[in-house]
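# Remarks on the overall topology
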Amino acid sequence: DAGITQSPRHKVTETGTPVTLRCHQTENHRYMYWYRQDPGHGLRLIHYSYGVKDTDKGEVSDGYSVSRSKTEDFLLTLESATSSQTSVYFCAISLSIVTDNEQFFGPGTRLTVL
Amino acid sequence: EDKVVQSPLSLVVHEGDTVTLNCSYEVTNFRSLLWYKQEKKAPTFLFMLTSSGIEKKSGRLSSILDKKELFSILNITATQTGDSAVYLCALRTVNNDMRFGAGTRLTVKP
């Protein structure tokens, strides 16, 4: 298994509070991704990063921000959590886009916003 | 908008049956198409397809891409209860964005 961890694994929070999810990798992969997974929608890309301090928006980026100050860490922040952000969040990594590479996924974080 | 549609949404079969899962897309230009298996946790990689008409095979699973007709199929022969999972199809776009389908939930009964 690729060395990807996510923390926390479960979190319950209240509407309006800030939340930060962490993705940590030990593979030195350049590309990192944040997805959310909801019933009926599959996986949807929130943000991705192609290097330290280089990030870009995905399909459903509104209400989320990210930061990548080190190769191994990719943080996802919900500035003011809403109930619609209740979801399972997956981090993924990939080695390159110069040659096609699959993505390896972390174990997921289940976030509940009350 | 780039769109990936999987069918059927769910499927129930018995052990030993052969199943074909479909993935059609509307993305006009992409780098690769990927298949994943998701049980209770994170998706795990099955296949990556980049060229049309070339079958990828791993044990009882195989997959092929048709770029002309804009679809891919995932075949599973001699299904086992351990094949029960959600199967996800995804496209990696030229911008390295990833677009996933909603998945097909396969249930294999003994």
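See the structure printed just above.
Residues numbered from 1 in each chain as written. Chains lettered and ligands numbered in written order. Predicted model: local features only at pLDDT ≥ 70, side-chain atom pairs only at ≥ 80, totals over all residues. Heavy atoms only, no water.

What follows is about the state of the cysteines. Scanning the model with the defined rule gives two disulfides over all chains in all. A sulfur-sulfur separation of 1.8 Å characterises the disulfide bridge that pairs Cys23 of chain A with Cys91 of chain A. Across the S-S bond linking Cys23 of chain A and Cys91 of chain A, the dihedral sits near -70°, which makes this disulfide left-handed. Of this pair, Cys23 of chain A sits in strand E3 (residues 19-25) while Cys91 of chain A sits in strand E9 (residues 87-94), placing them 68 residues apart in sequence. With relative accessibility at 0%, the residue Cys91 of chain A sits in the buried group. With a sulfur-sulfur separation of 1.9 Å, Cys23 of chain B is cross-linked through a disulfide to Cys89 of chain B. Classification of the bridge connecting Cys23 of chain B and Cys89 of chain B rests on its S-S torsion, roughly -65°, and on that basis the disulfide is left-handed. Taken together, the residues Cys23 of chain B in strand E3 (residues 19-25) and Cys89 of chain B in strand E9 (residues 85-93) connect sequence positions 66 residues apart. The buried category is assigned to Cys89 of chain B, whose relative accessible area is 0%. (Disulfide = S-S within 2.5 Å. Helix = DSSP H or I, 4+ residues; strand = E, 2+ residues; numbered from the N terminus. Buried < 20%, exposed > 50% of the residue type's maximum accessible area, 1.4 Å probe, protein only.)

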